[in-house]
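A look at the structure
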Amino acid sequence: PGKPFTMQATGITGRSVEASGISSGKAEVHWTQQQAVQRRNLLGVCRMCIKSLVDKAAFETVTDDCSSLRNFCIIMEHIFTHRLLARRSLFSSNEAPTFWPVIAKLAPRITVGSIQDMEEIQTDLGKGRAWIRLALVQKKLSGFFTLLLSKTEHLRSYYHTGGFLVNIEEMTELAGTLRCLDSIDFNLCLRDHDFDFGELPEIDYSPYLRFIQSHHSIADDTMEEKRLLSLQSERGRPLG
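Residues numbered from 1 in each chain as written. Predicted model: local features only at pLDDT ≥ 70, side-chain atom pairs only at ≥ 80, totals over all residues. Heavy atoms only, no water.

Structurally, Leu 148 can be placed in helix α7 (residues 141-148). Along the chain, Leu 148 and Met 171 lie 23 residues apart, while their C-alpha atoms are 8.4 Å from each other. Beyond its immediate sequence surroundings of up to four residues, Leu 148 is in contact with Leu 106, Leu 155, Leu 165 and Met 171. (Helix = DSSP H or I, 4+ residues; strand = E, 2+ residues; numbered from the N terminus. Contact = heavy atoms within 4.5 Å.)

What follows concerns the packing of helix α3 (residues 67-81) against helix α6 (residues 124-137). At a minimum axis distance of 11 Å, the contact between α3 and α6 shows a crossing angle of 125°. Put simply, α3 runs oblique to α6. As for how α3 packs across α6, the hand of that crossing is right-handed. Residue-level inspection shows Leu 69, Arg 70, Phe 72, Cys 73, Met 76, Glu 77 and Phe 80 of α3 in contact with α6, the latter providing Leu 125, Arg 129, Trp 131, Ile 132, Arg 133 and Leu 136. (Axes fitted to C-alpha atoms, helices over the stretch in contact; angles between N-to-C directions. Parallel < 35°, antiparallel > 145°, perpendicular 65-115°, else oblique. Left-handed = near helix turned anticlockwise from the far one by under 90°.)

All right, on to helix α5 (residues 109-116) then. Of all the positions in α5, only Thr 111, Val 112 and Ile 115 are classed as buried. The buried residues of α5 all sit within an arc of 100° when viewed along its axis, so they share a single face. Summarising the geometry of α5, the exposed residues directed more than 90 degrees from the buried face are Arg 109 and Ile 110. Where α5 is buried, its residues touch α4 (100-106) and α6. (Buried < 20%, exposed > 50% of the residue type's maximum accessible area, 1.4 Å probe, protein only. Arc of directions from axis to C-beta.)

Turning next to empty space enclosed by the protein. In the structure shown here, the tally under the stated rule is 1 cavity of 30 Å³ or more. Within this model, the largest cavity holds a volume of roughly 40 Å³. Lining the largest cavity are Ala 135, Leu 136, Lys 139, Lys 140, Leu 141, Ser 142, Leu 178, Leu 181 and Asp 182. Listing elements by their share of the lining of the largest cavity, those giving two or more residues are α6 and α7. (1 Å grid on protein atoms, 1.4 Å probe; cavity = no way out; pocket = protein on both sides within 12 Å on 5 of 7 lines; lining within 4 Å. Points joined across faces, edges and corners; volume = space filled by probe spheres on them.)

Right, let's talk about the confidence of the model for the protein for a bit. Here the protein averages 84 in pLDDT, and 81% of its residues register 70 or above. With pLDDT under 50 throughout, residues 1-19 is counted as low confidence; its partners more than four residues away or in other chains account for 26 contacts. (pLDDT = per-residue confidence, 0-100.)

Here the focus is helix α9 (residues 168-178). An α-helical turn contains 3.6 residues, so a residue and the one three or four places further along point in the same direction. Every buried residue belonging to α9 is among Glu 170, Met 171, Leu 174, Ala 175, Thr 177 and Leu 178, and all of these are buried. Buried positions in α9, seen along its axis, are confined to an arc of 165° and lie on one side of it. Buried residues along α9 sit in contact with α2 (24-57), α3 and α7. Of the residues flanking the start of α9, the one acting as N-cap is Asn 167, its side-chain oxygen 3.3 Å from the backbone nitrogen of Glu 169. (Polar contact = N/O pair within 3.5 Å; in protein donor to acceptor, adjacent residues only side chain to side chain.)

Quick look at the structure:
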């Protein structure tokens, strides 16, 4: 069987703490800080994505073609899998982690049963992805995260310390923000979608990182660039 995760045994890069030259205490503090940054990043991008969904729903129906919807589902998958413990079985000591067991154990039975009845979905990973969309359609996602806030001790058997779902502060904020989605009537089709692909999709941050400059700002930047180039040129001239 695979060894449990320990900060004393392994550093951030997978090298031993001794080999990396970092004391176990400093490595643990650094890794704890990194986990906090990861949780804040996930919460921040999720809140921005929810805002874009609410804005879009004010003018048109949110369907499977909506890029904000696809990104939201990917963000939720990252949140569900953040610091998720790997599964162990008779055939493999380190299977890819999947969040479906968390949902199957704690989500409303009617939603779990609906996903389990979909024979075209073959994997636990696919079932988890389909459930996220079903929960949006049935307006049950915010309620589920509110429920998880009371199940922290139970969730610790599924997640490493520092995982998003076992952190009360970020989970409380997310559960509140998710309530905004209860006002949206999602029009999604679960049966014509491939949920069983294996890899964890990348979050698309580009819609939330756009920076638009005014004409005055662009002109100021151009003048400053010319001044710096001129200064650099003068410094590069040979003396005499």
